[in-house]
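# Chain and residue survey
As a plain string of letters, each chain reads:
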Amino acid sequence: MKQFIAIIAVGSFVAFATQAAEQPPISTRAAKTMVSDGLSFKDLNRNGKLDRYEDWRLPAVERAGDLVNRLTLEEKAGLMMHGTAPSIGAGAGMGVGSEYDLDRASEMIDQRKVVTFITRLGGDPTVLAEQNNKLQEIAEAGRLGIPATISTDPRNHFQFVLGASVSAGSFSKWPETLGFAAIGDAALMRRFGDIARQEYRAVGIQEALSPQIDLASEPRWPRINGTFGEDPQVAKTMAEAYVAGFQNGEDGINRDSVIAVAKHWVGYGAAKDGYDSHNAYGRHAVFPGNDFAEHLIPFEGAFKAKVGGVMPTYSILNGVSVDGKPLEPVGAGYNKQLLTDLLRGSYKFEGVVLSDWLISNDCKGACLDGENSGVKPSLNEETFGMPWGVEDLSRVDRFAKAVNAGVDQFGGVTSSDLLVEAVKDKKISEERLNQSATRILVQKFEQGLFENPYVDAQKARTIVGNPTFAAEATASQARAMVLLDNKAKLLPVEAGKKVFLYGVDSKVASARGYSVVATAHEADFGLVRLNAPYQQPHMNYFFGSRHQEGDLDFKDGNADFEAFKNAAKEVPTIATVYLARPAILTGIQDQAGAILGNFGASDEALFDAIEGKQKAQGKLPFELPSSMAEVLTQKSDVPHDSLHPLYPIGYGLAY
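You'll find the chain entered in an unreviewed UniProt entry as beta-glucosidase, with Neorhizobium lilium given as the organism. According to UniProt, the comment filed for the chain under the heading Sequence similarities (unreviewed entry) is "Belongs to the glycosyl hydrolase 3 family." Quoted verbatim from the Catalytic activity (unreviewed entry) field of UniProt, the annotation for the chain is "Hydrolysis of terminal, non-reducing beta-D-glucosyl residues with release of beta-D-glucose."

This is the structure we're talking about:
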């Protein structure tokens, strides 16, 4: 239904007109609908009249302004919390499972006024959609009917770390973002974003806590896997395409968008000694090469695509100045120079600044010093924190400092009462809260959530991971692989040969016509999967026990390395290495018949690549060093600065 609407405003209102009012879909479970001028609207506050924030014909900014004027201080503070949707079961402390704890969710929404949540549920897409609908129903029943925004960490890839990513499950499974950088095809990157957008929206997810566009300049850093590597221009191009795919274009948020959150602003990849700032021992990033400017470049791509959100890094940046002044030694979520002066000022960012998780919480005991020997480290979001540089402040003062620095929303916490206390103590102005509340609400209006927050749960199963999406994902896994060596001319291989396998499903090989043998001595060739080597020297820390830290070279005793050496002694062997970090392959190079780097590939994709049915087209998105001695001479902030890399950035052969 279309109708020309003209409204002449009187008094303090500005006159405006819309060319056409096209009825959007209206769905409701708790609120009633009303009709005005032959069009349908939701009576979200149940007062029997059409209020300005309920009128979808008005611009999002006007609707948000009207709604902010109706909010209590407590409701404004609640908007600024980005909590974890509570779950039932063994993983409830982190929101993991297949079902929400709706009683706890109701308490968060009704009492703490929280209406933004990260979901860590997995399982059947229909069930996930139904669960998200139930969250929306609780939110719609609130005083003003403000819909929930539901976010997720990345869930379309291979590697996952609790608190940083989610197992793909039924979602289409693509190479890591490093793989897209290896392919270097911006159109494919945008296509992935568009597919993931469709899958997210199908299950009721409206926000992506991605892309991770940190410049991966420190090769030992455990979070390289989620980046676009160490070429700032490649990362910039991929960031723009990623955001455009998720947000359904480059003109900002619309009804079909998934809000993208570019992270982590900025310099996270220059991690001191490669240790990650999720951990107290890794809270610093260092810039001995004075190369901070290159770490800004990837974000320029996200800004060009009008990214909706930015997440600051946990890290304290050492050796960096902005406008000639050294940075305050606090995490970026507390740093006014980074958030207000640089992000808002120099880059004119107008979206939502969402803090990384738990920056306002305390870090004491096991969080600070690690668990005692023999005790498995665990994480509860109520007793764990990353308040780097402000450890001595009270939690109220941390909220005040972060908001005054430029944070709009706090990840992982629902302590809206502390934010209220900060305002009442005059540590933050209520006008400053109005700014953040407006930014958050504008995006909810732009996405159409006030009219239609629900999804068709049965339809979700036909969209998520459908055969078309899955086929494109598998082809991309193979394309992203990098041929590093083929000196034995093993590639491409032909079916029918006898093969010895390590780390590869024999059923896949047999189905493709290979004869799988029990020992390498019997084979025509070997095919061995290896993971990039790592150590875990901080197993007594929650994230340290999950992060791949330490040296990058294969050492005797490494199970994958031993299996490879044993096979290579007997038969020409193809080694495929999962490059979660820039592995040192000196110990592999001399003995392998062929080497394929991969960034997440199923066995089907692997055979497609080695047979040449879908040729490996990737180029290295980072250099592969030749030794740990060379790694130790590199500067943490300077990308690909090894003196004698075994394989330089951009390397890749054809066959």
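Structure shown, so let's carry the discussion forward.
## A word on the nonpolar core
By size, the foremost hydrophobic cluster in this structure holds 170 residues, and its most contacted members are Trp 265, Leu 338, Leu 441, Leu 585 and Ile 588. Here this core spans two domains, and each of domain 1 (52-463) and domain 2 (478-647) adds at least three residues to it. If sequence neighbours within four positions are ignored, Ile 588 has contacts with Leu 530, Phe 554, Phe 561, Phe 564, Ala 575 and Ile 595. In terms of nonpolar packing, the next biggest core, distinct from the first, is built from 25 residues, Leu 491, Tyr 514, Ala 601 and Ala 605 among them.

## Overview of the sheet that holds strand β9 (residues 149-152)
Sheets are built from strands that pair by backbone hydrogen bonding, the pairs being arranged parallel or antiparallel. Here 8 strands make up an open sheet; going across it, the order is β17-β13-β11-β10-β9-β7-β5-β18 and the pairing parallel. In this open sheet, the two edge strands, each paired with only one partner strand, are β17 (352-353) and β18 (410-411). Note that strand β10 (residues 207-208) and strand β11 (residues 259-265) share 2 bridges and pair parallel. Residue Glu 207 lies in a different strand from β11, and its bridge partner there is Ile 259. Each of β11, β13 (309-312) and β17 touches helix α9 (residues 336-346); the most contacted strand, β11, lies at about 125° to it.

## A word on the domain arrangement of the chain
What the domain assignment lists for the chain is domain 1 (52-463) and domain 2 (478-647). Using C-alpha coordinates to define each centre, domain 1 is positioned 33 Å away from domain 2. Taking both partners together, domain 1 and domain 2 bury about 3,800 Å²; carbon and sulfur atoms supply 61% of that area. For the pair domain 1 and domain 2, the number of links is 1 salt bridge. Where Asp 185 meets Arg 479, a salt bridge forms, and the shortest distance between an N and an O atom there is 3.5 Å. Connecting domain 1 to domain 2 are 22 residue pairs in polar contact (both at pLDDT 80 or more). Elements with a minimum of two residues in the side of domain 1 that touches domain 2: α5 (177-183), α8 (292-304) and α10 (366-369). At 5 residues, α5 tops the list of elements feeding residues into the side of domain 1 that touches domain 2. In terms of residue class, the side of domain 1 that touches domain 2 is made up of 29 nonpolar, 14 polar and 12 charged.

Rules behind the numbers
- Residues numbered from 1 in each chain as written.
- Predicted model: local features only at pLDDT ≥ 70, side-chain atom pairs only at ≥ 80, totals over all residues.
- Heavy atoms only, no water.
- UniProt positions renumbered as here; feature names shortened; annotations may be inferred.
- Core = buried A, V, L, I, M, F, W, Y, C linked by side-chain atoms within 4.5 Å.
- Buried < 20%, exposed > 50% of the residue type's maximum accessible area, 1.4 Å probe, protein only.
- Domains from an automatic or database assignment.
- Contact = heavy atoms within 4.5 Å.
- Pairing = 2+ DSSP bridges.
- Helix = DSSP H or I, 4+ residues; strand = E, 2+ residues; numbered from the N terminus.
- Axes fitted to C-alpha atoms, helices over the stretch in contact; angles between N-to-C directions.
- Buried area = accessible area lost by both parts, 1.4 Å probe.
- Salt bridge = Lys/Arg side-chain N within 4 Å of Asp/Glu carboxyl O.
- Polar contact = N/O pair within 3.5 Å; in protein donor to acceptor, adjacent residues only side chain to side chain.
- Nonpolar A, V, L, I, M, F, W, Y, C, P; charged D, E, K, R; others polar.

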